[in-house]
Amino acid sequence: MVYSASAIWANYRFNDSFFFAKRQLLFAVVGIIAMYGVMNVPYYFWRKYAKPILLICFLLLLAVLIPGVGMVRGGARSWIGVGAFSVQPSEFMKLGLIIFLATYLSIHQKYITSLKKGFLPSLLLVFVAFGFIMLQPDLGTGMVLVLTSMVMIFVAGARISHFIGLGLLGLVGFAGLIASAPYRIDRITAFLNPWEDPLGDGFQIIQSLYAIGPGGLMGLGLGQSLQKFFYLPEPQNDFIFAILAEELGFIGGTFVLLLFLLLLWRGIRVSLAAPDTFGSLLGLGIIGMISIQVMINISVVIGLIPVTGITLPFISYGGSSLTLTLFSVGILLNISKYAKI
Amino acid sequence: MKRRVSNVTMRKRLVTVFLLAILMFAIMDVRLGYVQFVIGDMLVDQAKESRSRDIIFEPERGRIMDKNGEILVGNVSAPSVMVVPKQIKNPQKVAEQLAKILDMPVDKAYKHVTKKANIEEIRPEGIKISEEQADAISNLNLDGVYIAEDSKRYYPNGTFLSQVLGFTGIDNQGLMGLELYYDEMLSGEEGSLSFFSDAKEQRMPKIADVYTPPKDGNDLKLTIDSKVQTIIERELDIAVSKYNPDGALAIAVDPDTGGVVGMSTRPSFNPANYQEVDSDVYSRNLPIWSTYEPGSTFKIITLAAALEEKAVDLNEDTYNDDGSIKVEGATLHCWKSGGHGLQTYLEVVQNSCNPGFVALGEKLGKEKLFSYIENFGFGKKTGIDLQGEGKGILFKPENIGPVELATTAFGQGVSVTPIQQVMAVSAAVNGGYLYEPFIAKEFINPRTGEITKKVQPELKRRVISESTSKEIRNALESVVAKGTGRGAYVEGYRVGGKTGTAQKVGKDGSYMKNNYILSFIGFAPADDPELVVYVAIDNPKETVQFGGVVVAPIVGNIMDDSLRALGVEKRTDGLQKEYKWTEQPLVEVPDLIGKEKSDLVNYQVNLSVETSGSGEYIIDQSPDPGVKIGQGKKVRIYLSESKPKQN
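The residue numbers shown here count from 1 along each chain, following its written sequence. Lettering of chains starts at A and numbering of ligands starts at 1, both following the order in which they are written. pLDDT decides what is reported in this predicted model: residues at 70 or higher carry local features, side-chain atom pairs at 80 or more are listed and counted, and totals for whole chains, interfaces and linings draw on all residues regardless. Note that water and hydrogens are dropped before the side-chain values are worked out from all heavy atoms of the structure.

- Under the annotation held in an unreviewed UniProt entry, chain B carries the name serine-type D-Ala-D-Ala carboxypeptidase and is attributed to Terrihalobacillus insolitus.
- UniProt annotates chain B under Catalytic activity (unreviewed entry) with the comment "Preferential cleavage: (Ac)2-L-Lys-D-Ala-|-D-Ala. Also transpeptidation of peptidyl-alanyl moieties that are N-acyl substituents of D-alanine."
- As its UniProt record puts it under Pathway (unreviewed entry), chain B is described as follows: "Cell wall biogenesis; peptidoglycan biosynthesis." UniProt positions are given in the numbering used here, feature names are shortened, and annotations may be inferred rather than shown by experiment.

1. Section: the overall build of chain A
- A tally of helices and strands in chain A yields 13 helices and three strands.
- Relative accessibility decides the category of a residue: with a 1.4 Å probe and only protein chains considered, values under 20% of the type maximum give buried, values over 50% give exposed, and everything between is partly exposed. Residues classed as buried in chain A amount to 58% of the 341 residues present.
- Areas reported as accessible are Shrake-Rupley estimates using a 1.4 Å probe. Residue values count occlusion only from the protein chains shown. Carbon and sulfur atoms make up 72% of the accessible area of chain A, which totals about 13,500 Å². Strands here are runs of E lasting at least two residues and helices are runs of H or I lasting at least four, both read from the DSSP assignment and numbered beginning at the N terminus.

2. As for the overall build of chain B
- A tally of helices and strands in chain B yields 21 helices and 28 strands.
- Per-residue burial over chain B gives 53% buried out of 647 residues.
- Intrachain contacts of chain B at a sequence separation of at least 6 include 71% that bridge at least 24 residues.
- When the accessible surface of chain B is summed, it comes to about 29,000 Å², and 49% of that surface belongs to carbon and sulfur atoms. Only heavy atoms matter for contacts: two residues are in contact if any of them lie within 4.5 Å across the pair.

3. Structural notes on the sheet that holds strand E25 (residues 608-612) of chain B
All names here are of chain B.
- In this scheme, strands are said to pair when DSSP sees at least two bridges between them. If you trace the three strands from one edge of the open sheet to the other, you get E25-E28-E26, paired in mixed fashion. At either end of the open sheet lies a strand with only one pairing partner, and these are E25 and strand E26 (617-622). The sheet shows a mean angle of 35° between the axes of neighbouring strands, taken without regard to direction.
- Relative to strand E28 (residues 634-640), E25 runs parallel, the two being bridged by five bridges. Following the sheet pairing, Glu 610 is matched in E28 by Arg 636. Axis lines are fitted through C-alpha atoms, for helices just across the contact stretch, and the angle between N-to-C directions can take any value from 0 to 180 degrees.

4. Looking at a nonpolar patch on the surface
- Patch membership is restricted to residues that have no salt bridge and whose relative accessible area is over 30%. Joining uses 9 Å for like charges and 5 Å for the nonpolar side chains Val, Leu, Ile, Met, Phe, Trp and Tyr. Note on definitions: salt bridges are taken to be side-chain nitrogens of Lys or Arg within 4 Å of carboxyl oxygens of Asp or Glu. Judged by side-chain polarity, A:Leu217, A:Met218, A:Ile251, B:Tyr34, B:Phe37 and B:Val38 come together as a nonpolar surface patch covering roughly 600 Å² of accessible area.
- The dominant element in the nonpolar patch, judged by the number of residues it contributes, is helix H1 (residues 7-38) of chain B, at three residues.
- Residue classification places B:Tyr34 among the partly exposed residues on the basis of a relative accessible area of 37%.

5. Some words on unusual backbone geometry
All names here are of chain B.
- Going from Arg 123 to Pro 124, the amide bond is cis rather than trans, its omega being 0°.
- With respect to the helices and strands, Pro 124 occurs in the loop between strand E5 (120-121) and helix H5 (131-140).
- Omega for the bond connecting Arg 266 with Pro 267 falls within 30 degrees of zero, at -5°, which places this linkage in the cis form.
- Along the chain, Pro 267 turns up in the loop between strand E12 (260-266) and helix H10 (279-283).
- In this structure, Asn 244 is a non-glycine residue whose phi angle is positive, near 45°.
- Following the sequence through the fold, Asn 244 ends up in the loop between helix H9 (226-243) and strand E11 (247-253).

6. Details of the sheet that holds E5(B)
All names here are of chain B.
- Across the sheet, three strands lie side by side as E5-E4-E6; this open sheet has antiparallel pairing. The open sheet has two edge strands, E5 and strand E6 (145-148), and neither has a second partner.
- In terms of strand pairing, strand E4 (residues 80-83) meets E5 through two bridges, oriented antiparallel. Its bridge partner being in E5, Val 83 is matched across the sheet by Glu 120.

7. Notes on the nonpolar core
- Counting residues in each nonpolar core, the largest one holds 110 residues, and the members touching the most others are A:Met93 and A:Leu282.
- Per-element tally for this core: the top contributor is helix H12 (residues 277-301) of chain A, with 15 residues.
- Aside from chain neighbours lying at most four places away, what touches A:Met93 is A:Leu54, A:Cys57, A:Phe58, A:Leu61, A:Ala129, A:Ile133 and A:Leu145.
- Among the nonpolar cores identified, the runner-up in size contains 97 residues, and B:Phe378, B:Ala424, B:Ile439 and B:Ile521 belong to it. Residue types Ala, Val, Leu, Ile, Met, Phe, Trp, Tyr and Cys, when buried and joined through side-chain atoms within 4.5 Å, form a set referred to as a nonpolar core.

8. Things to note about the environment of B:Ser465
Residues and elements named next belong to chain B.
- Mapped onto the fold, Ser 465 is located in the loop between strand E20 (458-462) and helix H18 (466-482).
- Considering only alpha carbons, one finds Ser 465 and Ala 427, 38 residues apart in sequence, at a separation of 10.0 Å.
- Setting aside residues up to four positions removed in sequence, Ser 465 forms contacts with Glu 308 and Gly 431.
- Within the structure, the side chain of Ser 465 is placed 3.2 Å from the side chain of Ser 467, a separation counted as a polar contact. By the criterion applied in these results, polar contacts are pairs of N or O atoms within 3.5 Å in which, for protein atoms, one can donate a hydrogen and the other can accept it, and in which residues neighboring in sequence qualify only through two side-chain atoms.

9. Details of a negative patch on the surface
Residues and elements named next belong to chain B.
- A cluster of acidic side chains, namely Glu 131, Glu 132, Asp 135 and Glu 149, defines a negative patch on the protein surface.
- With respect to the element layout, Asp 135 can be found in helix H5.
- Asp 135 gets classed as partly exposed once you look at its relative accessible area, which sits at 43%. The convention is simple: Lys and Arg are positive, Asp and Glu are negative, and His and the chain ends are not counted. Charged groups are reduced to one reference atom each: NZ for lysine, CZ for arginine, CG for aspartic acid, CD for glutamic acid.

10. Details of the packing of helix H5 (residues 89-107) of chain A against helix H6 (residues 115-134) of chain A
Residue and element names in this part refer to chain A.
- Running from N to C, H5 and H6 point in directions that differ by 170°, and their axes come no closer than 11 Å. Classed by the angle they form, the pair H5 and H6 counts as roughly antiparallel. When H5 is examined against H6, the residues Ser 90, Met 93, Leu 97, Phe 100, Leu 101, Tyr 104 and Leu 105 are found in contact with a partner set consisting of Lys 117, Gly 118, Pro 121, Ser 122, Leu 125, Val 126, Ala 129 and Ile 133.
- Across the contact of H5 with H6, the residue classes break down as 11 nonpolar, three polar and one charged. An angle below 35 degrees is treated as roughly parallel, one above 145 as roughly antiparallel, one from 65 to 115 as roughly perpendicular, and anything else as oblique. Ten residues, namely Ala, Val, Leu, Ile, Met, Phe, Trp, Tyr, Cys and Pro, are considered nonpolar, four, namely Asp, Glu, Lys and Arg, are considered charged, and the remaining ones, Gly among them, are considered polar.

11. Some thoughts on the confidence of the model for chain A
- When the pLDDT values of chain A are averaged, the result is 79; 79% of them are 70 or greater.
- As a per-residue measure, pLDDT reflects the predictor's confidence and takes values from 0 up to 100. Confidence, expressed as mean pLDDT per element, reaches its minimum in chain A at helix H1 (residues 2-12) of chain A with 36 and its maximum at H12(A) with 91.

12. Focus: the packing of H5(A) against H12(A)
Residue and element names in this part refer to chain A.
- Two elements in contact, H5 and H12, have axes whose closest approach is 8 Å; the angle formed by their N-to-C orientations is 145°. The interaxial crossing formed by H5 with H12 has right-handed handedness. Residue-level inspection shows Lys 94, Leu 95, Ile 98, Ile 99, Ala 102, Thr 103, Leu 105 and Ser 106 of H5 in contact with H12, the latter providing Thr 277, Phe 278, Leu 281, Leu 282, Gly 285, Ile 286, Met 289 and Gln 293.
- Residue classes in the contact of H5 with H12 are distributed as 10 nonpolar, five polar and one charged. Crossing handedness follows the turn of the near helix against the far one: under a right angle anticlockwise gives a left-handed crossing, and clockwise gives a right-handed one.

13. Here we look at the pattern of salt bridges
All names here are of chain B.
- As enumerated under the stated definition, the model contains 28 salt bridges over all chains in all.
- A salt bridge links Asp 560 to Arg 564; the nearest nitrogen and oxygen atoms lie 2.9 Å apart. Of the two residues, Asp 560 and Arg 564 are both situated in helix H20 (residues 552-565); the distance of four residues between them amounts to about one turn of the helix.
- Judged by its relative accessible area of 18%, Asp 560 falls in the buried class.
- Linked through salt bridges whose partners overlap, the residues forming this network are Arg 234, Glu 235, Asp 560, Asp 561, Arg 564 and Lys 570.

14. What to know about the packing of aromatic side chains
Residues and elements named next belong to chain B.
- Aromatic rings from Phe, Tyr and Trp, taking only the six-membered ring of Trp, are treated as a pair when their centres fall within 6.5 Å; an angle between ring planes under 30 degrees marks them as stacked, one over 60 as edge-to-face, and anything in between as tilted. A complete count under the given rule lists 23 aromatic pairs over all chains for this structure.
- With a centroid separation of 6.0 Å and an interplanar angle of 85°, the aromatic rings of Phe 167 and Phe 269 are classed as edge-to-face. Separated by 102 residues along the polypeptide, Phe 167 in the loop between helix H6 (162-165) and helix H7 (177-181) and Phe 269 in the loop between E12 and H10 bring together distant segments of the chain. Take Phe 167 and Phe 269: they sit in the same class, and that class is buried.

15. Quick notes on helix H14 (residues 354-364) of chain B
Residues and elements named next belong to chain B.
- Counting buried positions along H14 yields nine of 11 residues, so the element is predominantly enclosed.
- Within H14, burial applies to Asn 354, Pro 355, Gly 356, Phe 357, Val 358, Ala 359, Leu 360, Gly 361 and Leu 364.
- Looking one or two residues past H14, Gly 365 carries a phi angle of roughly 85°, positive in sign.

16. Notes on the confidence of the model for chain B
Residue and element names in this part refer to chain B.
- The pLDDT averaged across chain B works out to 84; a share of 91% of its residues lies at or above 70.
- Contacts from residues 574-583, a stretch scored under 50 in pLDDT, to residues over four places away or in other chains number 19 contacts.
- Here the prediction assigns the complex a pTM of 0.60, and the interface score ipTM is 0.85.

17. Considerations on the environment of B:Thr302
Residues and elements named next belong to chain B.
- Topologically, Thr 302 is positioned in helix H12 (residues 299-308).
- A C-alpha to C-alpha distance of 8.5 Å links Thr 302 and Thr 408, two positions 106 residues apart in sequence.
- When near neighbours in sequence (up to four residues on either side) are disregarded, Thr 302 contacts Phe 357, Leu 360, Gly 361, Leu 364, Leu 369, Thr 408 and Ala 409.

18. Some remarks on the side chain of B:Thr297
All names here are of chain B.
- Summarising the element assignment, Thr 297 is placed in the loop between helix H11 (286-289) and H12.
- Given a relative accessible area of 2%, Thr 297 falls into the buried group.
- In terms of polar contacts, Thr 297 uses its side chain to reach the side chain of Gln 421, at 2.6 Å.
- The residues contacting Thr 297, other than those within four sequence positions of it, are Gln 421, Lys 498, Thr 499, Gly 500, Ser 519 and Ile 521.

19. Let's talk about helix H4 (residues 50-64) of chain A
- Helix span is expected to be 1.5 Å times the residue number reduced by one. Helix length check: H4(A), at 15 residues, gives a terminal C-alpha distance of 21 Å against a target of 21 Å (1.5 Å per residue), a fit within 8%.
- Those residues of H4(A) that sit buried are A:Ala50, A:Leu54, A:Cys57, A:Phe58, A:Leu61, A:Ala63 and A:Val64.

Following this line, the structure appears as C-alpha cells:
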C-alpha cells in the first residue's frame with residue numbers, strides 16, 4: 001500500500017525526456033507486475049532456493065567481468081547487455097545475498113554469537129560478494145551490500161564486540177581501497193572542498209548544490225529545473241534528488257524523506273511482526289537495503305558524504321534498479337501478509 | 001560462549017536500527033534545509049553566474065570640460081576585436097589574417113583564436129584599433145571574429161593642462177591626474193546583454209535575455225577657464241624657450257572660491273602619448289607636488305600676521321636697515337649691501353628688506369608667527385582634488401629658536417608647495433578667507449544634462465580681518481607700483497604682488513650655488529581681487545637671477561590677458577595714475593664691476609639686465625655706476641672668465 005504509493009513517484013518524475021520516461025514507465029509496469037506476482041509467492045519459497053539464487057548471482061557477477069559480455073559505462077564494467085536492454089548483476093546480487101543471509105542466519109542463529117561458527121562465515125560470504133562487485137568496480141552498490149548485511153547480522157544477534165573489531169579492520173580496508181583507486185581520494189578531497197576544483201572533481205557536488213540551493217522552500221515548480229540543462233550530468237540518475245529539491249523545494253524534499261521514512265517504518269513493523277526469524281531477517285534486509293541506498297544517495301546529493309555512484313530507489317532512472325526494488329517490495333509485501341500487524 | 005539469541009534481542013536491535021535511521025533522516029533534512037535556506041542565496045547567485053553569458057557593452061567615459069563647457073578630454077571611437085574560439089573553423093588561417101592586419105606575430109594570434117574561452121580578447125594588439133583596421137577585419141567576414149564598439153580618450157589641445165588632466169590606460173581606466181582622482185565618477189558602469197546558456201553553450205529556453213544598458217560616466221566640468229589656461233601655457237612656453245629652465249609652473253586661482261582657473265607645469269607632455277616621456281614628467285604635477293623654500297613671497301604671511309596682531313603701523317613705524325641684523329650671534333644680511341637705510345615699514349615691504357622682516361618676526365614672537373603660518377594652511381596638504389599633493393616642512397615647534405624665527409619671517413627654512421602659497425595669499429587678499437582649492441566644479445549626466453554633483457567652495461577658516469586684508473592689498477599694490485615687483489605692472493588693472501627668489505637645497509643639504517627658483521605671486525584688481533597668479537621658474541639660464549626681472553613680467557602678461565579674457569573692465573580712475581611709471585623715482589645704477597654674476601641676485605632693483613660675453617665675472621657695465629635711469633631700464637654687463645684687476 002504505502003509501498004505502492006511511493007512507487008508512483010517513479011512514474012511522474014521523468015517529464016523532461018520521453019525517452020527516459022517511457023522506458024522508466026515500462027520498467028515501472030514490469031516492476032509492478034513483478035511486485036504483484038512476487039507478492040503472492042510465499043516468502044519461504046526464497047529460503048528454499050536461496051543457494052541456487054546466490055550461485056546464479058555470482059555467475060552473473062563473473063560474466064560481467066568478461067569483456068564482450070560485460071559493458072563498460074562510466075568507467076565501470078557493471079552491465080550485461082541483452083539487446084537494447086541491459087542489466088546490472090550487482091543489483092541482483094544485493095537481493096540474492098539478502099535472501100541467502102536471511103536463510104543462513106535464521107538456520108544458524110544459535111551460533112551467531114560465536115566468532116568462528118556464526119560471525120566469520122557470514123562475513124566471509126559478504127566480503128566475497130563485495131570483492132566481486134569491487135572488481136567492476138562499483139563502490140556504491142558494494143557499500144549498500146556490506147552495510148545491509150551488517151545490519152542483518154547485527155539484528156540477528158551478533159556480538160557488539162565483534163562489530164567493533166570489524167570496524168577497525170574496516171578502516172584499514174577502506175584505506176586500502178582508496179589507495180588502490182586514486183580517483184576515490186579525489187572524490188573525497190572534492191567533497192571536503194568542492195570549490196577548489198569546480199570544473200574537475202568538485203563539479204558534481206557544486207552543480208548539485210546549485211540545483212538544491214535555489215529550490216528554497218517551495219521550489220521552482222515542477223519541470224522548472226535549470227540545472228538539468230546539462231549542468232548536472234545525467235540528472236535522471238544518481239543526482240535526481242537535487243533536481244527534485246530544485247523543483248519542489250524544501251517541502252518536496254522533506255516530503256520525499258518522510259515517505260522513505262514511512263516506508264522504513266512499515267518495513268520494520270513487518271520485520272517485527274514476521275512469523276519467523278527468516279521472514280524477519282528477510283524483511284529487514286530488503287527494507288534495510290532500500291533505506292541504506294536512500295541515505296547514501298541523498299547524503300551524496302546534499303553534500304554530506306563524498307560522491308559514490310548509487311541510485312535513489314523508486315525515483316532514479318534505471319531499469320535494473322527499479323524492477324529489482326519493486327520486486328523486493330513484493331517479497332516484503334508477502335511477508336506482511338503473514339505478519340500479525 | 002554460546003548463547004541463544006532471543007527474539008527479544010532481535011526486536012530490541014530492530015528498534016535500535018530504526019531509531020538510528022530516524023536520526024540519519026533528521027540529519028539529512030537539516031542539511032537540506034541548510035543548503036536551501038542558509039547558503040541558498042549564495043548558491044543562487046553563483047548558479048546564475050555559471051549559467052549566464054554576458055556580452056559586454058562598454059560605457060562611454062565622461063568627458064572633461066572647462067567651466068564654459070569647452071571639451072578638454074573627449075572620446076573617439078576605437079573598436080576592439082574579440083574572437084569566439086569555438087566558432088572559428090580554420091584557426092591557422094584566421095590567425096594569419098588577423099596577425100597581418102593587427103601587426104602581430106602569427107603564433108600569438110593563433111594562441112588567442114584557439115584559447116579555451118567563451119570570448120577572447122586579442123590583447124593588447126586588438127584593443128582600441130583604428131577604424132581602418134576594424135573595417136579590414138570585418139570585410140574578411142570571418143566566423144567567430146567580432147568587432148566590439150569601444151572608445152578611447154581624445155585630447156583636442158595636446159599638451160594643454162596635461163599633468164592636471166592625467167591619462168587613462170588601455171581599458172579606459174584612470175591612471176593619473178583627474179582621470180585617476182575621479183575615475184569612479186568618470187568611468188560609468190558596464191552594461192551587458194546576458195542570456196542564459198546551458199552547459200553546451202546553447203541558449204536556455206524559457207528564460208528571457210536580460211539587457212542592462214551601460215551607464216555612461218559623468219561629464220566633468222572644471223573650474224579651469226581654457227582661455228586663461230591657454231594664456232598660461234603660452235607664457236610658460238615663451239619662458240621655457242627664453243630661459244631654458246629646469247622646470248616651470250604656474251597657477252591661477254579665483255581667490256573668492258578657491259577654484260583653480262589655470263594650472264600648468266613644464267616640462268609638459270601629451271596625454272595621448274604619455275608612454276613617450278619619463279614617468280617623472282607625467283607623475284609630477286609641480287604646482288601641487290613640488291616643495292621648496294618660498295623666499296620673499298612668504299613675507300606676505302609675516303606681514304599679514306604683523307598687521308592682524310597690530311604689531312606694526314606700516315606708515316608710522318620705521319626701521320633703520322644698515323644692511324644686516326644680528327640674531328643670537330648669527331648675522332643675517334639684507335640682499336642689498338649697505339642696507340636700505342631708514343624706511344617706513346611700507347617701504348620695508350616695497351624693498352623686500354630682510355632685516356626689516358626679521359624685526360617684524362621678532363615683534364610677533366614665535367608662537368604668534370607660527371600659529372599664523374599654520375592657520376594660513378602651511379605644513380598640511382591643502383586638500384585639492386588632485387593626486388600627488390605635497391605637504392611641505394615647517395620647523396618643529398621645539399626646534400624654533402630666534403634664528404629660525406628670523407629666517408622664517410623672510411621665507412627661509414620653511415618648505416612649502418606652490419598651491420599652499422597661492423591659497424594663503426588668496427586668503428590674505430580676499431578679506432581673510434582661507435579656502436580649500438578645488439578643480440572639479442560639476443558632474444553632469446551626459447544624457448539628461450542634469451547636474452549629478454555640484455562642488456561648493458569650501459571655506460576652511462577665516463585667518464585675518466577685512467581691514468588687515470585691505471592693508472595687505474595696498475602694500476602689495478605698492479610693491480608692484482613702486483617696489484621690486486615693478487615688472488608685473490599692468491596699465492589699467494591694479495596688480496599687487498610680491499617677488500620671490502627661492503634658494504634650492506642640494507643633495508648635500510646645503511644651498512646650491514647659482515641655482516634659484518624665481519617666483520612671483522600677484523593678484524588683481526587690488527581693490528577686489530578676481531585672480532591670484534603664481535609663477536615660478538626653476539633655474540633659468542642666460543639671465544640674472546632676479547625674481548622681479550624674470551617672473552614678474554610673466555605674471556603681468558598673464559594678468560593682463562586673463563583679466564581681459566574674464567571680462568574684467570580696465571579702469572582709468574585717478575587712483576591708477578599715481579602708479580604710472582613716469583612718476584616712479586629713478587633708480588641709481590649700482591656698481592657691479594668686479595662682482596661675480598651670482599652676486600646679482602642681491603641687487604633686487606627694478607632694472608633689467610642684458611649680458612654680453614660669458615663667464616662668472618663682471619668686467620664692465622653700461623651705464624656707469626651712479627647714473628640714474630628709469631625703472632625697468634636695461635643695464636648691460638660684460639662678462640669674463642677671469643676676475644678683473646682691482647684699480
